[in-house]
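If you want the building blocks of each chain, they are given just below.
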Protein chains: 2
Amino acid sequence: MAWKSIGIFDSGVGGLTVLREIMHSLPQEDTLYFGDTARVPYGTKSPETVTRYACEIATFLMKRDIKLLVVACNTASAVALPTLKRLLTIPVVGVIEPGARRAALITRSGRIGVIGTAGTIRSSAYTRAIKRLKPEAEVLTRACPLFVPLAEEGWTDNQVARLTAHIYLQELKESDVDTLVLGCTHYPLLKPLIADVMGPDVILVDSAEETARTVAAILADKGLLRPPAERGNHNFFVTDIPAGFVRIGNRFLGGKLGDVFQVSLEEEVGMV
Amino acid sequence: MAWKSIGIFDSGVGGLTVLREIMHSLPQEDTLYFGDTARVPYGTKSPETVTRYACEIATFLMKRDIKLLVVACNTASAVALPTLKRLLTIPVVGVIEPGARRAALITRSGRIGVIGTAGTIRSSAYTRAIKRLKPEAEVLTRACPLFVPLAEEGWTDNQVARLTAHIYLQELKESDVDTLVLGCTHYPLLKPLIADVMGPDVILVDSAEETARTVAAILADKGLLRPPAERGNHNFFVTDIPAGFVRIGNRFLGGKLGDVFQVSLEEEVGMV
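Everything in this summary refers to the structure shown in the same document. What you see is a predicted model; the values in this text were computed from it and never measured. (Residues numbered from 1 in each chain as written. Chains lettered and ligands numbered in written order. Predicted model: local features only at pLDDT ≥ 70, side-chain atom pairs only at ≥ 80, totals over all residues. Heavy atoms only, no water.)

With that out of the way, let us pick up the relation of the copies chain B and chain A. Superposing chain B onto chain A takes a rotation of 180° combined with a translation of 0.0 Å along the rotation axis, leaving an RMSD of 0.0 Å. The two molecules are tied by a two-fold rotation axis, judged by turn and shift. With an isologous cut-off of 70% or more, the 100% of interface residues of chain B that recur at the interface of chain A puts this contact in the isologous class. (Least-squares fit on C-alpha atoms with pLDDT ≥ 70 in both. Contact = heavy atoms within 4.5 Å.)

Below you can see the structure in the form of structure tokens.
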């Protein structure tokens, strides 16, 4: 029997933190990662545009016969998930629902903080998802636009990163949240710093980790898990020249990035 | 006689610093500004992709009968200028040549620093342009990836910006450059800070200012300047929802941004 791959996509490198967690918890699985590096970032683009991009990428990955699709991009998860779930016959997992569920589960005070890009925070997707599960929760949000460029620059623990984290997180800290959702796939790289700034009383929810758990649970439930004795292969597709993706991606995956192929969605999906 | 407009384009809001200088030195001129906000940033994309985007935008603006095209984007200036000059019948002005010319002219020591995005620095476009004019010049470059998000966040003079500037500029300062080219259209917003960090002995070359001077000189030379008694109109086109462009753009233009129209290049240029 030929085992199918898990498809994962993001606008760029950020989703690699989700892939990392999937590789960690399901090392036997083959994965296909798609980074839309020619059109990154999605956070500043309209819901219509992002949904169109997400559908093009899903079409690309479906042609390669995946068994589950992970939308490892907060913006696309916030705006394109209903459309993707309607169009596809396989399970589709976003990054927002798993993080929101975990936060709603573990909070004691009911005061939950969420940080993300300007687009994710503006969409209120986490707030809605948390309140669906726990209507009495108080959700406090804060956009942290500099965290992504800091993570990509590799400045995850210097004075600039620390000062920036203090400015962004000050208000959430003073609001006494007991749980903080890292609502952006880049943020796990800043996790030690964020944990340090927030202090030991605040539990961080890592959306990447929670998403990987959800993927494992769904595959197990459907009997689609590959035998644990196997060793997964990992392929990467990007829409622009791979150099930048490889450089930054290796930082995300700890140097374990394999072959990266540049592809054209236009040709693939029949567009000009 | 109907006076034609000056066309200006950038991948996003950055080129507004160039527009601001043009409005300042040629207040009588009509302008059409195009920000490709659906596909920003260009700095991480391949030369082929950026050249294709630049040609699409030039086609859009040419249909609106412009008399001169300003490529107010360092990445596009670095990679697409020869193609645009070959295709278009009107003058095409990039942002690299004017800044390089000014730096080559005013340096006394011959040691010139250039800062820009990773893409601009990697392209060596400023170094080549300066050395064409002054082969004996020593050009020292440094990519400053966090300057753009800092400018867009409005953090142009806080401690994070100051610390970041110190880290990025330290080496150039120690190398005793006497001239520093701000090789990115966002950087004029950080000019007071950069000047402060570099000290009074280093002259900053603002590519936006120099580009506006070049535009004025070419239009004067060709007899295409509108009479100074007139008052120019300014229109803005963007490829994604205008909200973010308007918010950040007003910071760039000092609140003077007018109507912004969202357009689709795909329909316009006959693509799907």
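Alright, that's what it looks like, and here's the rest.
To continue, consider the sheet that holds strand β5 (residues 111-116) of chain B. Strand pairing in a sheet relies on backbone hydrogen bonds, with the paired strands running either antiparallel or parallel. All names here are of chain B. Ordered by their spatial adjacency, four strands build an open sheet running β6-β5-β7-β8, and the pairing between neighbours is parallel. Looking at the sheet topology across the chains shown, the edges are occupied by β6 (138-143) and β8 (203-206). Neighbouring strand axes in the sheet, compared pairwise and without regard to direction, differ in orientation by 25° on average. Packing of helix α6 (residues 125-133) onto the sheet brings it into contact with β5, β6 and β7 (179-182), and relative to β6 it is tilted by some 165°. (Pairing = 2+ DSSP bridges. Helix = DSSP H or I, 4+ residues; strand = E, 2+ residues; numbered from the N terminus. Axes fitted to C-alpha atoms, helices over the stretch in contact; angles between N-to-C directions.)

With 31 residues of chain B in contact, the opposing surface of chain A contributes 31 residues. Taken together, both faces of the contact between chain B and chain A bury some 2,400 Å²; the carbon and sulfur share is 61%. Between the two partners, chain B and chain A, sit zero salt bridges. Inspection of the region where chain B meets chain A yields four residue pairs in polar contact (both at pLDDT 80 or more). (Buried area = accessible area lost by both parts, 1.4 Å probe. Salt bridge = Lys/Arg side-chain N within 4 Å of Asp/Glu carboxyl O. Polar contact = N/O pair within 3.5 Å; in protein donor to acceptor, adjacent residues only side chain to side chain.)

Residue and element names in this part refer to chain A. Proline 41 follows valine 40 through a cis peptide bond whose omega is 0°. Relative to the elements of secondary structure, proline 41 occurs in the loop between β2 (31-35) and α2 (47-62). Residue aspartate 65 is not a glycine yet carries a positive backbone phi of 60°. Overall, the relative accessible area of 43% leaves aspartate 65 in the partly exposed class. Here the phi dihedral of serine 124 falls at roughly 55°; this positive angle occurs in a residue that is not glycine. On the secondary structure map, serine 124 appears in the loop between α5 (118-123) and α6 (125-133). (Buried < 20%, exposed > 50% of the residue type's maximum accessible area, 1.4 Å probe, protein only.)

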